[in-house]
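Structural description and commentary
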Amino acid sequence: MIGYAALGMSVIGGAVHGAFHRNSPLFGPTLGRIAGDRKVVALTFDDGPNPEATPLILDTLAEKGVRATFFVLGSHVQRWPELVRRMVQDGHQLGNHGYFHRKLQFKSPFYVSRDIRLGIRAIKRAGGPAPDRPGVEEIVKRTLEGVSPGSIVLLHDGDGYNPDGDRLQTAAALPYIIDRLKEQGYEFATLPTE
């Protein structure tokens, strides 16, 4: 009996670790860096699109000649499909962040599959293949401190829990982040597709 209890605690402990620790391989492979020896960084944006922040972010990326990867939520894509069409037209990469913004670690395979399918459907219909407001300076500082060659930078253009959530600080920080990284000799890339 004690053996089963220990096994159960190990399974629960592993699941908790995988659910709350970034890049845990418990639920599948993760991509934490871009391979290679070039000084390259990938900008990614989660939880969008957002009607206020995303257009500003797209404008900055166009002005700076940088392509990024957007992990969009299907529920937001349905509300603002024109922003996803613009992402594609501007040459950015799209990723599916599901339809709803829910923790999937403890959901059934059916639920996860349905969530992903709904997200894909919303992206196709648009024409495309917890809030944190620390301030612009702090976003720039944290981003630049964490970058090294091969980094994948995670930013947010939308809010997974509130479709109208404010991400304008990220939009305002982006030009400074790009300029500083270019000054440091970084190139920009989207994520590998395989």
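Look above for the structure.
One structure accompanies this document, and this report is about it. (Residues numbered from 1 in each chain as written. Predicted model: local features only at pLDDT ≥ 70, side-chain atom pairs only at ≥ 80, totals over all residues. Heavy atoms only, no water.)

**Overview of the pairing of strand β2 (residues 69-72)**
This is how it is decided: Two strands pair under a simple rule: DSSP has to find at least two bridges between them. Note on conventions: DSSP H or I runs of at least 4 residues are helices, E runs of at least 2 residues are strands, and numbering of each starts at the N terminus. By definition, the crossover connecting two strands over a helix is right-handed if that path, from the first strand to the second, turns clockwise as seen with the strands pointing away from the viewer.
The sheet contact formed by strand β1 (residues 40-48) and β2 spans four bridges and is parallel. Across the sheet, the residue bridging to T44 is T69, located in β2. Assessed by its sense of winding, the connection that carries the chain from β1 through helix α2 (residues 53-64) to β2 is right-handed. Where β2 meets strand β3 (residues 93-96), four bridges bridge the pair, whose relative direction is parallel. Counterpart to T69 in the pairing with β3 is Q93.

**Comments concerning the nonpolar core**
Note the following rule: Definition used in this section: a nonpolar core is a set of buried Ala, Val, Leu, Ile, Met, Phe, Trp, Tyr and Cys residues joined via side-chain atoms within 4.5 Å. Type-normalised accessible area, obtained with a 1.4 Å probe on protein chains alone, sets the label of each residue: buried when under 20%, exposed when over 50%, and partly exposed for intermediate values. Residues are treated as being in contact if the distance between any of their heavy atoms lies within 4.5 Å.
Judged by nonpolar contacts, the single largest core of 34 residues is most densely connected at L43, F45, I57, L61, F70, L174 and L181. At the level of elements, β1, α2, β2, α4 (81-89), α5 (109-125), α6 (136-146), β4 (152-156) and α7 (168-183) are the ones that each hand at least two residues to this core. With residues near it in sequence (within four places) discarded, F70 still touches F45, I57, L58, L61, M87, H92, Q93, L94, G95 and D157.

**Focus: a positive patch on the surface**
Selection rule: In this scheme, patches are assembled from residues that exceed 30% relative accessible area and form no salt bridge. Like charges are connected within 9 Å, while nonpolar side chains (Val, Leu, Ile, Met, Phe, Trp, Tyr) are connected within 5 Å. Using a 1.4 Å probe, accessible areas were evaluated by the Shrake-Rupley method; residue-level cover was limited to the displayed protein chains. Any carboxyl oxygen of Asp or Glu within 4 Å of a side-chain nitrogen of Lys or Arg constitutes a salt bridge here. By the counting scheme adopted, Arg and Lys are positive, Glu and Asp are negative, and His together with the chain ends is not counted. A charged residue contributes its charge at one atom only: NZ of Lys, CZ of Arg, CG of Asp or CD of Glu.
Taken together, the side chains of R102, K107, R114, R117, R121 and R125 define a basic patch exposed on the protein surface. As for its position among the elements, K107 is in the loop between β3 and α5. For K107, a relative accessible area of 38% gives the class partly exposed.

**A word on α4**
Quick note on the threshold: By definition, the arc is the one covered by directions from the helix axis to the C-beta atoms.
Here α4 has its buried residues at P81, L83, V84 and M87. Along α4, the residues classed as buried sweep out an arc of 160° about the axis, all on the same side. The secondary structure elements touched by the buried residues of α4 are α2, β2, α3 (74-79) and β3. Just beyond α4, the residue with positive phi is G91, at close to 90°.

**Topic: the pattern of salt bridges**
Taken as a whole and judged by the stated rule, the model has seven salt bridges. Ionic pairing is found between D90 and R86, a salt bridge with its closest N-O pair at 3.2 Å. A salt bridge links K141 to E145; the shortest N-O distance between them is 3.4 Å. With K141 and E145 both in helix α6, this residue pair falls four residues apart, about one helical turn. Given a relative accessible area of 56%, E145 falls into the exposed group. Several salt bridges share partner residues, and in doing so they unite D59, R86 and D90 into one network.

**Considering α7**
Formally: One less than the number of residues in a helix, times 1.5 Å, gives the span that helix is expected to have. Each residue is assigned a bend, namely the angle between axes fitted to the seven residues that terminate at it and the seven residues that start at it.
With 16 residues, α7 extends 24 Å from end C-alpha to end C-alpha; this agrees with the ideal 22 Å at 1.5 Å per step. Its maximal kink placed at L174, α7 deviates by approximately 30°, while the proline P175 follows within four residues. Within α7 the residues assigned to the buried category are T170, A171, A173, L174, I177, I178 and L181. Summarising the contacts, the buried residues of α7 are in contact with β1, α2, α6, β4 and β5 (187-188). Note on α7: the residue one or two positions beyond its end, G185, has a positive phi of about 90°.

**What about the packing of α2 against α4?**
Note the threshold: A fitted line through C-alpha atoms represents every axis, and for helices the fit uses only the stretch in contact; the resulting angles, taken between N-to-C directions, go from 0 to 180 degrees. For classification purposes, an angle smaller than 35 degrees is called roughly parallel, one larger than 145 roughly antiparallel, one from 65 to 115 roughly perpendicular, and anything else oblique. Should the near helix be turned anticlockwise from the far one by less than a right angle, the crossing is left-handed, and should it be turned clockwise, the crossing is right-handed. Under the scheme applied here, ten amino acids are nonpolar (Ala, Val, Leu, Ile, Met, Phe, Trp, Tyr, Cys and Pro), four are charged (Asp, Glu, Lys and Arg), and all others, including Gly, are polar.
Two elements in contact, α2 and α4, have axes separated by 11 Å at closest approach and are oriented at 15°. When the axes of α2 and α4 are compared, the pair comes out roughly parallel. As α2 runs across α4, the sense of the crossing is left-handed. For the pair α2 and α4, the contacting residues are T54, P55, L58 and D59 in the first and L83, R86 and M87 in the second. Classifying every residue of the contact of α2 with α4 by side-chain character gives four nonpolar, one polar and two charged.

**With respect to the packing of α2 against α7**
Closest axis-to-axis distance for the α2/α7 pair is 8 Å, and the angle between their directions is 15°. Taken together, α2 and α7 sit at an angle that is classed as roughly parallel. Considering how the two elements wind past one another, α2 and α7 form a crossing that is right-handed. On α7, the residues that touch A53, L56, I57, T60, L61 and K64 of α2 are L168, T170, A171, L174, P175, I178, D179 and K182. Its residues placed into classes, the contact of α2 with α7 shows nine nonpolar, two polar and three charged.

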